[in-house]
Amino acid sequence: MQSKVVKTVCPFCGVGCGMYLARDSEGKVCSVTPQWDHPISKGKLCDKGWSTVYAVSPENRITHPLKKEVDKFVPVSWDEALSSIASSLTEIIDESGSGAVGVISSARATNEDNYAAQKFARSVLKTNNVDHCARICHSPTVAGLKQVLGSGAMTNSTDDVFKADVIVVIGADPTENHSVLGGQVIEAKLAGATLIVVDPRITRLAKLADIHLQLNPGTNIALINAMIHVILGNQWHDQDFIERRCEGFETLVSHVDKVTPESVEEITGLEPLLIRQAAQYYSQAERAMILYGMGITQFVTGTSSVMALADLALVCGHIGKPGTGINPLRGQNNVQGACDMGCLPNVYPGYQLADQQATQVRFSHAWGTKVAESTGLTSLGMTKAALAGQFRAQILFGEDPVVTDPDQNHVREAYKSLDLLVVAELTMTETAKLADYILPAASFAEKSGTFTNCERRVQRIRPLIDPPGEAKGDWQWLSALAEAMGSECLKWPDSEAVFDEMASLTPPYQGMDYHKLALHDGLQWPCNDEAPQGTRILHQSTFPIGRARLTPVNYVPIDESADEFYPLLLTTNRLHFHYGCGSMSRKSPLLERETPPGILFIHPVDAEALSIEPYGPVGVRSRRGYVETRAVITKDVAPGLVSMPYHFKEAPSNQLTNTAQDPVTKMPELKACAVAVVALPADHIPSPVWQLKEDS
Ligand SMILES: Nc1nc2c(c(=O)[nH]1)N[C@H]1C(S)=C(S)[C@@H](COP(=O)(O)OP(=O)(O)OC[C@H]3O[C@@H](n4cnc5c(=O)[nH]c(N)nc54)[C@H](O)[C@@H]3O)O[C@H]1N2
Ligand SMILES: Nc1nc2c(c(=O)[nH]1)N[C@H]1C(S)=C(S)[C@@H](COP(=O)(O)OP(=O)(O)OC[C@H]3O[C@@H](n4cnc5c(=O)[nH]c(N)nc54)[C@H](O)[C@@H]3O)O[C@H]1N2
Ligand code: SF4
Ligand SMILES: [Mo]
């Protein structure tokens, strides 16, 4: 029997579907129901949303603070854990300075938690070393769109897919990864929209598309520049829009002058005619919308690729109107929020620049304490500095970098080299296993707060049950840790007070409060005096930087191509049924039964050449590591290309991936590296990676 129901938001992806969660008379979460009147999901949830109960169930949870003693964890009290962490942090800062400590926050936790995390880093630890998974996700979006448009977020709203005549899905697989929105793209296509998909794999949407540009991995810029060339050559651009709203047009014109579709045929592997057709459909549509994802950002050219896409939208004037725009499909339930909250080394809440004195003065004054001045390290920068002995302590919550960061062996070494690693988690992860202290964190079903979804919609979540055991919300333990370090800076009576303080210092959130958010089913930022009901479409009459800056960019090849030793190119993708490091989705027996723990997608031609059988065991090796898994033979990947999901700790594709980075944002090239694949004996059961390590 249900004894309480709350209205809340799915804790998985950035679509931000609305759900009701119910608990039974024993205080356990017992059911999930879609919210029929939700502005985005309109009564739908995907399999992960439906499986939320397993993700938070108390049997799988960390319930007490744990301290590592030699090679096992023992429960300790919160007081003991926090006072000991506080004194280690103080000692390390005294010895090595604030640059030797840092915070990794969580795009899965609330805005309130993330606001507290960066405030803790900047005002208590006095460092800008604060980052989170956006680094390896949409950091090129934040930087690239900010450079060209002045703001790094989705320009339009999800239901604009129903207003677009042409939808371009580039480097994204929304029916797997943003499933409710992916379903809406299919609906829009069936209702008459033209669908163009740009992806080296044949995704579900590619199968339905009017045009599928199955390009070689890492060649987006060559393709986009060629499309712009075709558009300009045919006078298909929007001269009026360009004159009124953009600068830098002449330079772009000469930059793409020689980039004909024929000149990029070999690079992209695409027929020139298809490029011409795509350019025509996109530019000639009354309303055309771009949706993009990790196939754009996770390259050493991530930021340039985002800028190229923005250039394409601008020359066609497809921005600032319904059914148009350039729309990054932000991944995690609250990654937009974690960025907005300033959990990035270079910006404070609301993208106020960390290295500007005005920002430092503003926040020092508001917080009543001196804040960090020197520039901060990115997440991968902290890993690198740890390996160099220059970074000694990390407070990390709601991420599992040992599974999800590139080059697992080097990440593990970096974490092992720390003098202090504190991990706050719902459950035991591969990263938590390396911690000195594990703190039990409350899940979304046990706390109040807000998540900001991919369309900038800030929505409330509400507690249904008490946290299991002694678990605490993230801002609450951060507040207690600050206090143990002698700071009252993070003392708030409740989540609403955290939100109010944040909103007063974050211009795009200034017009929001808990009451208004509840009343409107969330509000989209910017929400302020000029836009009290929030903003559905950005840049309607002007850009935050006045005129958009058209920015020509060059195609640069991927860092590591296939060669005679590593003859196949590996890309990484996601599976509908699993999420991130798998620590929440793999708790569901329903989701877990759908796929074996680890898969390599390979084309029949390559499988035959390597004598690989369907579901046969295979070994996959790169210059950095080795995993064993099972082969799925499919024409959905091109010959010469193999693909692996990254959800499985037994066979983590990040054993293999490359850390080569985008120079602007330090985004690693997660979408391409060279590998060698071999068939293993048919009766061999793929060994999990930890066993392979023991054997070697
Ligand atoms: N089920 C599920 N859903 C998720 C997640 C999950 O783990 N599981 N994670 C969430 C998160 S954090 C994120 S960021 C989003 C990510 O969502 P997506 O961006 O859709 O993520 P991916 O599947 O990694 O990559 C998208 C596509 O890029 C393609 N691609 C690879 N190389 C290239 C290239 O050179 N050019 C082009 N044009 N395409 C290329 C791949 O083949 C793939 O189809 O999903 C979110 N939703
Ligand atoms: N090879 C390869 N690697 C990739 C990618 C790829 O495409 N290919 N994609 C990258 C991308 S886009 C991303 S975003 C990253 C994601 O990488 P991660 O952020 O490491 O992945 P998640 O699985 O989302 O990890 C979140 C953790 O947070 C915990 N958690 C959930 N809610 C809360 C909370 O409220 N509080 C606390 N304290 N913990 C909580 C969960 O238990 C889980 O263990 O992976 C990246 N890694
Ligand atoms: S589409 Fe995303 S937000 Fe919606 S139910 Fe699925 S995982 Fe949750
Ligand atoms: Mo992501």
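My aim in this report is to walk through the structure given alongside it, one point at a time. Nothing here was measured: the structure is a model prediction, and the numbers come from that model. (Residues numbered from 1 in each chain as written. Chains lettered and ligands numbered in written order. Predicted model: local features only at pLDDT ≥ 70, side-chain atom pairs only at ≥ 80, totals over all residues. Heavy atoms only, no water.)

Lining the immediate environment of ligand 1, one finds 36 residues, of which Asn177, Asp199, Gly218, Arg574 and His578 sit closest. Met294 is positioned such that a nitrogen or oxygen atom in its backbone is 2.8 Å from an oxygen atom of ligand 1. Between ligand 1 and the protein, one listed contact pairs an oxygen atom with a side-chain N or O atom of Lys671 at 2.8 Å. When residues of the shell around ligand 1 are traced back to their parent elements, those giving at least two are helix 6 (174-177), helix 14 (294-297) and strand 23 (568-573). (Near = heavy atom within 4 Å. Polar contact = N/O pair within 3.5 Å; in protein donor to acceptor, adjacent residues only side chain to side chain. Helix = DSSP H or I, 4+ residues; strand = E, 2+ residues; numbered from the N terminus.)

Bringing the side chain of Ser123 into the picture now. As for its placement among the helices and strands, Ser123 is situated in helix 4 (residues 111-125). For Ser123, a relative accessible area of 4% gives the class buried. Not counting chain neighbours up to four residues away, the residues in contact with Ser123 comprise Trp367, Thr369, Lys370, Cys489 and Leu490. (Buried < 20%, exposed > 50% of the residue type's maximum accessible area, 1.4 Å probe, protein only. Contact = heavy atoms within 4.5 Å.)

Two pairing modes exist for strands in a sheet, parallel and antiparallel, and in both the strands are linked by backbone hydrogen bonds. Pairing is mixed around the closed barrel formed by six strands, whose spatial order is 23-27-24-26-25-28. Between one strand axis and the next, the sheet turns through 45° on average, direction left out of account. As paired strands, strand 23 and strand 28 (residues 673-679) are joined by three bridges and run antiparallel to one another. What sits directly across from Leu570, in strand 28, is Cys673. (Pairing = 2+ DSSP bridges. Axes fitted to C-alpha atoms, helices over the stretch in contact; angles between N-to-C directions.)

So, about the sheet that holds strand 8 (residues 166-170). If you trace the five strands from one edge of the open sheet to the other, you get 10-9-8-12-13, paired in parallel fashion. Each of the sheet's edge strands pairs with one partner strand only, and the pair in question is strand 10 (211-213) and strand 13 (326-328). On average, adjacent strands in this sheet sit at an angle of 15° to one another, irrespective of strand direction. Where helix 13 (residues 272-284) meets the sheet, its contacts fall on strand 8, strand 9 (194-198), strand 10 and strand 12 (288-292), and the angle it forms with strand 10 comes to roughly 125°.

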